[in-house]
Structures are given as C-alpha cells and as structure tokens.
Amino acid sequence: MKTLLNTPIRYLKGIGPKRAKIFTKLGINTVEDILYYFPRRYEDRRKFSRICELKENQIQTIKAQILSKGEQQSFYRQNFRIVKLTVGDNTGKINCVWFNQPYLKQYFKLGSTLILYGKIERYAGLLQINNPEFEIVCEEEANKEESLNIGRFVPVYTVTKGITQRYLRVLIKSGLDEYLPKAGDCLPYDIRARNNLLNLSMSLINIHFPENLDLQAKAYERLSFEEFFSFQAALALRKLKKKEKLGIAHQINASLLNNFIASLPFKLTASQEKVIDEIKTDMVKPLGMQRLLQGDVGSGKTIVATIASMAALQGGYQAVFMAPTEILAKQHYEKISSQLSVLSPSTTLRADDERPLTTLETNQTIGSQQKIIKIGLLTSSLKNKEKERQYQEIKEGSIGLLIGTHALLEEDVKFKNLGLVIIDEQHKFGVGQRSLLPKKGVNPDVLIMTATPIPRTLAITLYGDLDLSIINELPAGRLPIKTLHFKQKDKAEAYNIAKEQLKIGKQAYVIYPVIEESYVLDIAGAKKMSQELKSGEFKEFGLGLIHGRLKQEEQDEIILKFKNKELDILVSTTILEVGIDIPGVTCMIIENAERFGLSQLHQLRGRIGRGKDESFCVLISDDLTPEAEARTKAMLKYSDGFRIAEEDLKIRGPGEFFGSRQSGLWELKIGNPLTQMHLLKRAREEAIKLVSLDPHLTARQNILLKQRLIQRFPGYESLISAG
Ligand code: ADP
Ligand code: MG
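The structure presented is a predicted model; accordingly, all values stated were derived computationally and were not measured.

### Brief notes about the site of ligand 1
Ligand 1 sits among 17 residues. The nearest are Gly-298, Lys-301, Thr-302, Arg-478 and Asp-581. Interatomic distance of 2.8 Å between a side-chain N/O atom of Arg-478 and an oxygen atom of ligand 1. A distance of 3.3 Å is found between an oxygen atom of ligand 1 and a side-chain nitrogen or oxygen belonging to Arg-610. Class assignment of the residues belonging to the shell around ligand 1 gives a composition of 4 nonpolar, 6 polar and 7 charged.

This is how it looks when you write it as structure tokens:
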C-alpha cells in the first residue's frame, strides 16, 4: 500500500540513487521522513532590507548583485584564503567575506543575484558581512513574484554536501503537493478539536512554507503536540500492558523489617520512610511493580534497596541488585552484608575455602522458622570456577540476594524464583540491559534507581510507564559542601585547600577527565599528573592512582588501601563517579573541570560531604566555552540535584538531554518539554485517556495512530495488537 508513511523517498520527483543515499545518511528514508524534516529557521524574504538602511550588529537578509569578486591570502595566517565579494542593490554596496572556503569562488559570477544572510559589521568605514549564508538566485526567479525562495517566509534547513537549500525546498514542496492530499491524520479529530490544533496538512504546509507567523506558530504547536502525544501513547500502552500481567504478591513481615531498621546506626529520613512505604505497598499487591526511585546523590537510596530486598527475601523470593561498576557492586555487597549481619548475631562468614568473600550467610529468624540467606556477589572478574558455583547456587535458590554488575545478565544466570529486580544508577545502563534482568523471573517487581533527578513534572512525562518515588532530602546533619573555582594558574591555591584537609587527617580525591574519544591520551595525562603530584605538591602524603585500565584486583587493592587510610589522596578518573561511598573524604579537586558535563560534576561532588565534617569541592578550569562557564556557575550556585538537572537541561537543550535518556525511544525533532510543558501535559492526558478507552487501538479513528506507533517505536506491535 502506498501511503504517506512508508513510501520510499526515491519515488519523489528529483531524487536519484545518489541523492537517496545522502538522505539515508541523514536518516531520511520515506516521504514522511522528509515532510517531517523541519526547518532550522525562517527568513522573512517578503521584503529585503535595503543596503542603505542596514544597521550594524543586526542580523539581516539582503538581495544584491555581485559587482566584483576577488581572493586574498590572509595577512595573519598562512594558507588561509579569503574570498571577497562586493555586492550592491540600487541603494548601496556591501562587502561579503568568506574565510578559508576558497572553493566558493567558483559559484560566484559577476552580475548574478545573491540572497545573503548574516550579521552586518563595519570595517574601515565599509559595511561587511563575514561568512554570510547565501543563495544564488536564478535569473527567472529574480523577477518572479511567487517562488519558493523569494517573496515569502522561506525555510532554512540543516543541509549537507550534495543537498542545497533550494533543492530541498523544491523537493519538500513537491512532496507536500503530491502526498498531503492522500495523507490521513494520525491525531484523531476529537483530540484536535478539543485542543484547538491544526490538521496535519495545514501544519506541514505551514511549518515549511508559513503563510504568516501565526500559522507557523499553530503548526509548530500541532506538530509538537503530535510528537509528545505519540510518545505518551506509547508509554501509556507499555504501562497498561505491564499492569495487565499478574505479578508477585509479596508477603511482608513488618516486624522483621522494623527490627532491621531499628538496628541501623542512623534514623531513616522522612523521605526514605515514605518511599519505603510506597515500595512495600506495591510489593504486596499481586501486580508487577515498575517503580523509579529518584534521589539526589547521597540521599540514601541504597538502604531503601536493601530494605526492599529483605522484604522479598523473607517471603521466600530471590532478589537481584545490579550496579554499573565492579567497585560499586562490591561496595554494596560489603555494606549490605554487614548491615544484615548486625541483624542476626549468628552470622557466619564462609572463610573456609578457596571461595573469596563472595557469599555470606546470615541466619534470620522469620516467624518461627530459621532461614539461611546467602548473599552473592557476581562480577565478570570472578574466576570461572567460582562463577559456575554461583550459577549453581543461584539456580538452586541458596543464594537469596545476588549483587553484581553486567555479569548478572549472562545467560547462565538463572534464578529459582526471582521476586525483585533492583537496578542502581540506571542511567549508566542501556535500555536493552535494563530490560534483560526482569526477564530472568516471572514478572518480578522492578525498582530502578537514579541519581540524576529531573523535576517531577518532567519525570512523569518522560518515564510515564513507571511509577515514581522521590527522596527529596538528605540525611540530617550533613554540612553543605563548599564549592570553589580556580583558574589553572592558581592551581597551587587549590592544592593548598587539599593539603589543609590532609594535615588534619582527612582524605582527598583528585579527579582527572578521561573520555572515550581520547582515552589513551587522557590516561597518559592522568598518570603523568599523578606522578607530578606525588613527587611535588603532595610528596609528604600517600597518593594512589586508579583508572579503568587497571586490573580489577589492582583497583580493589587501591580502594581498600584508601578506605583503610593507608593512602591520603586518590587520583582517579570518573570511575569514581557512580555510587562510591567513603565518608572520611572531605576534599575533591576536579582537574580540567570544563571537560565534564554538569550532571557529571554534581555526581562527582556527591562523593564527598558524606560525613559530619565540612567538605570542599574545587573545580580547576579555564572556561573556554559559554557552556563550560554556565556549568561552573551552576556548580557554584546550586547544591540540589534537581536544580542542577534543570540547569543542565537549559544548557544542553532538550534534544541532547533527553537523547541521553538512552531510551532511543523518544527522538525530539520539534517539541521542547521545557518551553512547552503545558502542551506536553495535555498530550499526556489525552494519550492516557485514549489508551484506556481503546487499549488495542482498534477503533477506526485510531488506526493511523496505531500505524504510526508501530512505525516509530519498534516492538510496539506486540503491545498494541489485540489479545
Ligand atoms: P545514594 O542515594 O547516593 O546512593 P547512599 O545510599 O550511598 O546514597 O547513602 C549515602 C550515605 O548515607 C551512606 O553512607 C549511607 O549509609 C548513609 N545514610 C543513608 N541513609 C541515612 C540516614 N537516614 N541518615 C544518615 N545516614 C544515612
Ligand atoms: Mg547510590
């Protein structure tokens, strides 16, 4: 069937195989893709500015003829060529200059007409535009009233080599003309009517070739709504489907949990108590839990996870707890083991054999019955023999709580009766990885934890398929972390802050950026720096270096030494970013802070300030870009993770921020949750309503929506189809 949705782009007039290939690279494969390839901006070409009226420092569009052209060698830089045109209309002249693009020269012919767009400047008394965007006007068009390129609001697209603005305009126009009359609207009529939205044809025409700005705004609103709506409908369907499945009704022994809570060395915060209640309520219900636990770094999510695990264990189910790094998994293992051992005095550590401390048995009294709960730690660095043994014990059910890394996803990991899945630092896992673990049980309850919180309104729209719990306070008695910023040249001062802390017996982290793209170089940088610090600034102190290329045992050894205070300073790459919890560290120096993202800086900072003493986070950077500067400012100003996330969103923009939801599900082309929150909310309400009325999208008015969802969100077919 030849529909708007799936007609391959090559059926459009003017596309040969070569161009089709270029479009494929841009992710454009169908007619729909091209009609949904939205302009980056518009130019008002109904009337051009006259050269005599141009104002300096303003961005303007002019139409003018080429009067002279030339090429120069830059005065300052070798091999840096400058193409220069003088153009004029009948009111004046202006120079146009392009740097380092000598090939442009061939396009310019004396006497031809150009449309130029850029910032008006003045050099040596003469008007000039540097690197203007330009289009060459063909002869007939120059005089024609009605055209795609002149005499109207003209769309400007992001283009690439082999595809020009003018070509794309023609192509899109012919696509609109030919296909729109046949295209149905995936937004049902009553939803459009209720929300006062344009229909699809009007919207697509006016998003590309707006008749006026009002219609463009309406088109933008409708298309954003459509984008939000389809995503929300997809989430609503997923949520519904999950709710339909029968889950486990855990039987929770309240007094056992309360005893455990009473045995902790601290009192739970009110927030922690609240989310624990929410989780317990979910767990006892015979439905599957799908809950997202948001809480700032240091807010105490781990203990919530531990309590949830106990609830599952004491009712006879297994629980699994996945963390993104081996260091973190071990930390959880040690902490949870020791917490549970407090509960039961008859704890026995199995130190009997070749088995390292990867299992722990605790005797717990449950009701009247004695039960042994073993805790296992499974990571990829375990010896094969040890792994086999764990697999066996997991399968038999003798390991009740299994903590680990990605190694948990191995096919050999088979549970006897998995009742609860917990995923820590979920943003570090891909969607694929996250969804694998629950499949190892029969609809187990799922708790997902994240320390990159986003505001609730956004969270429910973004994670609409999950229920949300939020910890919004830190444990009492934490002092705020002092955050400071130094330039590279004032580094010594930064180090002095660390030294003062070390002198009074505290410890410090020095973080060095290591990123994928320049991994080898960065690691070398980290090594070099740690050498320098070791023999220079910090020579009286013990200093260790840890990074991801070290063998796991080496990493463990260094962490252990640092924990035992045999080392005062730990120089580290971002492997410390997630979860590490060592309370005695009161200072963190972040080198080249401009290379970190804002959320990442906040996560790093969360490694300190965990004890009762004042802590210092010192950023060292020479801020190069406005973004880096904005990040530094936000770090100095805010300590609340929710606030930080909002700033991060502003700095990065929604595309990138949500792209990192790693869902791959929601690709925002046009909608902006920040500026269109009200629209997003409405779209969500409509989507939920529609899905609850017609869960399989079989009603006639929903057929096109169904097609759309199946196409946009692969895998949704099974959710939507009847049965
Ligand atoms: P995150 O939410 O970042 O995962 P953690 O669970 O690692 O935070 O907790 C940070 C630290 O705070 C841990 O040392 C933990 O034992 C401690 N902690 C957790 N809850 C409380 C509380 N209610 N009072 C005091 N300390 C707490
Ligand atoms: Mg944590």
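After presenting the structure, the write-up continues.
### With respect to the packing of helix α7 (residues 213–244) against helix α21 (residues 677–693)
Packing of α7 against α21 brings their axes to within 8 Å, and their N-to-C directions diverge by 45 degrees. Put simply, α7 runs oblique to α21. As α7 packs across α21, the resulting crossing turns out to be right-handed. Of the residues in α21, those touching α7 at Glu-221, Ser-224, Phe-225, Phe-228, Phe-229, Gln-232, Ala-233, Ala-236, Leu-237 and Leu-240 are Leu-679, Leu-680, Arg-682, Ala-683, Arg-684, Glu-686, Ala-687, Ile-688, Leu-690 and Val-691. Taken together, the residues of the contact of α7 with α21 break down into 14 nonpolar, 2 polar and 4 charged.

### Describing the sheet that holds strand β19 (residues 507–511)
The sheet built from 6 strands is open, its strands ordered β18-β23-β22-β19-β21-β20 with parallel pairing. With one partner strand each, in any of the chains shown, β18 (481–486) and β20 (543–546) form the two edges of the open sheet. Taking the axes of each pair of neighbouring strands and ignoring which way they run, one obtains an average angle of 20 degrees across the sheet. Relative to strand β23 (residues 615–620), strand β22 (residues 585–590) runs parallel, the two sharing 4 bridges. Looking at the pairing, Ile-589 lines up with Val-618 of β23. Those strands touched by helix α18 (residues 598–605) are β18, β19, β22 and β23, and its axis lies near 150 degrees from that of β22. Running over the sheet, helix α19 (residues 626–637) touches β18 and β23 and is turned about 150 degrees from β18.

### Concerning the packing of aromatic side chains
Inspection of the entire model under this criterion finds 9 aromatic pairs. A connected cluster of aromatic rings, assembled from ring pairs, spans Trp-98, Phe-108 and Phe-134. Across the ring face of Tyr-117, the terminal group of Arg-41 is positioned such that the distance to the ring centre comes to 3.4 Å.

### Some points on the pattern of salt bridges
Applying the stated rule across the entire model yields 40 salt bridges. The residue Glu-133 makes a salt bridge to Arg-41 at a minimum N-O spacing of 2.6 Å. Placement of the pair is Glu-133 in strand β7 (residues 133–137) and Arg-41 in strand β1 (residues 41–44), with a sequence separation of 92 residues. Look at Glu-133 and you get partly exposed, because its relative accessible area is 33%. Two residues, Arg-291 and Glu-278, come together in a salt bridge whose shortest N-O distance is 3.8 Å. Pair noted here: Arg-291 is in strand β9 (residues 290–295) and Glu-278 is in helix α9 (residues 270–284), with a separation of 13 residues, a long-range link.

### Focus on unusual backbone geometry
A positive phi angle, close to 45 degrees, is found at Asn-131, a residue other than glycine. Of note, Asn-131 is situated in the loop between β6 (126–130) and β7. One non-glycine residue, Asn-443, adopts positive backbone phi at about 45 degrees. Along the chain, the position of Asn-443 falls in the loop between α13 (431–436) and β16 (445–450).

### Some points on a nonpolar patch on the surface
A cluster of nonpolar side chains, Tyr-103, Tyr-107 and Ile-136, forms an exposed patch at the surface whose accessible area comes to about 290 Å². Turning to its location among the elements, Ile-136 is positioned in strand β7. Judged by relative accessible area, Ile-136 falls into the partly exposed class, the value being 31%.

Definitions and limits used
- Residues numbered from 1 in each chain as written.
- Chains lettered and ligands numbered in written order.
- Predicted model: local features only at pLDDT ≥ 70, side-chain atom pairs only at ≥ 80, totals over all residues.
- Heavy atoms only, no water.
- Near = heavy atom within 4 Å.
- Polar contact = N/O pair within 3.5 Å; in protein donor to acceptor, adjacent residues only side chain to side chain.
- Nonpolar A, V, L, I, M, F, W, Y, C, P; charged D, E, K, R; others polar.
- Axes fitted to C-alpha atoms, helices over the stretch in contact; angles between N-to-C directions.
- Helix = DSSP H or I, 4+ residues; strand = E, 2+ residues; numbered from the N terminus.
- Parallel < 35°, antiparallel > 145°, perpendicular 65-115°, else oblique.
- Left-handed = near helix turned anticlockwise from the far one by under 90°.
- Contact = heavy atoms within 4.5 Å.
- Pairing = 2+ DSSP bridges.
- Phe/Tyr/Trp six-rings, centres within 6.5 Å; stacked < 30°, edge-to-face > 60°.
- Lys NZ or Arg CZ within 6 Å of the ring centre and 35° of its normal.
- Salt bridge = Lys/Arg side-chain N within 4 Å of Asp/Glu carboxyl O.
- Buried < 20%, exposed > 50% of the residue type's maximum accessible area, 1.4 Å probe, protein only.
- Patch = residues over 30% accessible without salt bridge, like charges linked within 9 Å, V, L, I, M, F, W, Y side chains within 5 Å.
- Areas by Shrake-Rupley, 256 points an atom, 1.4 Å probe, with all protein chains shown as cover.

The values reported here are purely geometric and, on their own, carry no functional implication.
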